[in-house]
Amino acid sequence: MDIQNTIQTLSKELNQHNYNYYVLDKPIISDYEFDLKLKELQNLENKYPEYFDENSPTQRVGGTITKNFQTVPHEHRMYSLDNSYSKEELVDWEKRIQKVLGEVPLEYTCELKYDGASISITYENGKLKRAVTRGDGFQGDDVTNNIKTIKSIPLRIKGNFPSTFDVRGEIILPFAGFEKMNQDLIEIGELPYSNPRNTASGSLKLQDSAEVAKRPLDCLLYFLIGNKLPFNSQFDGLETARQWGFKVPKEAKLAGNLEDVFEFIDYWDIHRHQLPYETDGVVVKVNSFHFQDELGFTAKSPRWAIAYKFKSEQVSTKLLSISYQVGRTGAITPVANLEPVQLAGTVVKRASLHNADQMEKLDIRVGDTVFVEKGGEIIPKIIAVDLTKRPETSEPTKYITHCPECDTQLVRGEGEANHYCPNFCGCPPQIIGRIQHYISRKAMDIEGLGGETVALLFNNGLVHNYADLYELTVEQILPLERMAQKSAENLVKGVENSKNIPFERVLYAIGIRFVGETVAKKLAKHYKSIDALSQAALMDLVLVDEIGDRIAQSVIDFFENKENKIIIERLKSYGIQFEIIEKVNPNATNKLSGKTFVVSGVFEKYSRDDLKKAIEDNGGKVGSSISAKTDYVVAGDSMGPAKLEKANKLNVPIISEDDFMILINES
Ligand code: AMP
Ligand code: ZN
């Protein structure tokens, strides 16, 4: 098989797997196998750039930087929708339609109204050509590179499509992905995003498409537009789009009259809370294109469609008090304590006020009656104050100036939304929060020790930082509340076991601001030891993949802090892993000098990177594809058939990981 063929076959295969996973939600291979295939394609493309294809599945990972998004005109204008808030308004809408069309029987397509950012994507000859935001409806921003990273959007489509058309839809962020993103932010001490819709639309305008690729965005499509489309109603259009490979939600229904439309609305008004993404209403469209044409448009929107907005879930209640929470990084979050009230099936007692600016904007005061709304987010928010109910004696709220926990004067960095308590080493919630982070599952994963026990240990003067954990004894812990012999022993054992946790997780555990799991991995891999990292200069740090100024400065600050230095030295003395342990033969030799290896497939004992490193450590070369110059192929399970064939054709010996180890270990 020639290279071009292999590349095309692999691309096709990967596109199909993406479709299975992201559109059908039915993957048929493991993520790992997928990654291997993707890597294989990437390698081939690197080696044979002449076969580069801008619609290759490798382009999904992003990496292009767009400094200025180009403004481009829409071939077909993107209209907005008229809104309605009651069934009477829908009855009136139908009357207006019948005035134009006469008393004809009408069918309506009912769809959910997805709450995100609208997008128009042009396909030419079955390939994704361009994606443009709505903008003012006449022209929008070209966000093609960012859109290509959204895996449910096909880069190529299949079926009987016209040579060019646009597909319209909504870019959304499903609740689960949104919450995961926020969890990650909270973990590194950053503020969470406030709602999925704004986060989705903000994502489209990120300059680095690799950043967009990391966000769990999705695209729900609802409309095809163009010449010579092979259907003549909205409902058939949805089905056709589905067949061509687009993600079109299945909830849409064809209604024979307004009664059916109302039924759809009533059903989804209740059941929308079970959907994985946010909807704010229903869109009702006259089904027949023939009737749509007769009805036409107003200046802003089609006459043949209307949005019915669900009543937002809002209640009013009283603000009893405002309290201020101190996070592990010292960030202060103001919280509204409310008179308990029923909202969207739960009792609401508290709401986040975000920061001082937000409070000022609302001019919120204790004693006020406020409107509380629940959107997609878990924590409800206060959207306005009912000024008609404000007590005459009320006074503007003064934001606190000192930490409610340690009384240190708060600081607020330029351009920062939040106030901070700078008492890093003496502020109890910061200390407790840091230790809780240190022991958490993704960090040191200390069994037998939970967040509440940490607070207990601190309050009893037994620990002041995470290094103190390693000096705890059973005798010291036993007198604590609800502590039995067995649990005390387990705690000490759990702490002891944490000495085996690998360096990258230790690096995450020590809680350097802005250093989350992924960044910790990058830093560990690059510097290999805490000594090397702590000595790195700013200029050096920013050269590491994905490390920006802010993270770099935070790393520097951490290691410059005297207290931190002492704690790290203590941890070292207890035997915490402060360097990467090389897994494969660390002793460099020249045994493989002059030999070229290709590593392919899935291995049992070693990772592919380990094997490659072992080859290089022993003087060999790692090639990316099999050629006449290859001396050995180190093959694991499920090596690609193309590679196997090639190796056989060129008579290149295929060896296992065990054979390879014998090769480098024999004298
Ligand atoms: P509005 O922004 O309130 O004018 O509402 C119009 C927008 O609703 C459109 O631009 C679409 O982005 C969005 N929308 C969401 N779901 C649908 C749908 N099923 N059909 C049509 N438009 C939709
Ligand atoms: Zn404090």
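What counts, and at which threshold
Residues numbered from 1 in each chain as written. Chains lettered and ligands numbered in written order. Predicted model: local features only at pLDDT ≥ 70, side-chain atom pairs only at ≥ 80, totals over all residues. Heavy atoms only, no water. UniProt positions renumbered as here; feature names shortened; annotations may be inferred. Donors = N, O, S within 2.8 Å, 3.2 Å for Na, K, Ca; no water. Tetrahedral: all angles 85-135°; square planar, octahedral: opposite > 155°, others 65-115°. Helix = DSSP H or I, 4+ residues; strand = E, 2+ residues; numbered from the N terminus. Buried < 20%, exposed > 50% of the residue type's maximum accessible area, 1.4 Å probe, protein only. Salt bridge = Lys/Arg side-chain N within 4 Å of Asp/Glu carboxyl O.

- The name given to the protein chain in an unreviewed UniProt entry is DNA ligase, and the organism recorded there is Flavobacterium urumqiense.
- The Sequence similarities (unreviewed entry) field of the UniProt record for the protein chain holds the comment "Belongs to the NAD-dependent DNA ligase family. LigA subfamily."
- Here the protein chain is described in UniProt, under the heading Function (unreviewed entry), as follows: "DNA ligase that catalyzes the formation of phosphodiester linkages between 5'-phosphoryl and 3'-hydroxyl groups in double-stranded DNA using NAD as a coenzyme and as the energy source for the reaction. It is essential for DNA replication and repair of damaged DNA."

## Some words on the coordination of the zinc ion (ligand 2)
- Surrounding the zinc ion (ligand 2) are the protein donor atoms Cys403 (SG), Cys406 (SG), Cys421 (SG) and Cys427 (SG), which sit 2.2 to 2.4 Å from the metal.
- Considering all four donor atoms around the zinc ion (ligand 2), angles at the metal cover 99 to 114° and the coordination shape is tetrahedral.
- Expressed as a motif, the donor residue spacing for the zinc ion (ligand 2) is C-x2-C-x14-C-x5-C. With a gap of 24 residues between them, Cys403 in the loop between strand S16 (381–385) and helix H12 (428–439) and Cys427 in the loop between S16 and H12 connect regions that are remote in the sequence.
- Overall, the relative accessible area of 3% leaves Cys403 in the buried class.
- For Cys427, a relative accessible area of 0% puts it in the buried group.

## Thoughts on the pattern of salt bridges
- Under the definition given, this model contains 26 salt bridges.
- In this structure, Glu517 engages Lys442 in a salt bridge whose closest nitrogen and oxygen atoms are separated by 3.7 Å. Placement of Glu517 in helix H17 (residues 517–527) and of Lys442 in the loop between H12 and helix H13 (451–459) is noted, with a sequence separation of 75 residues between them.
- With a relative accessible area of 29%, Glu517 lands in the partly exposed category.
- Connected through salt bridges with shared partners, the residues Asp363, Arg365, Asp368 and Arg390 form a single ionic network.

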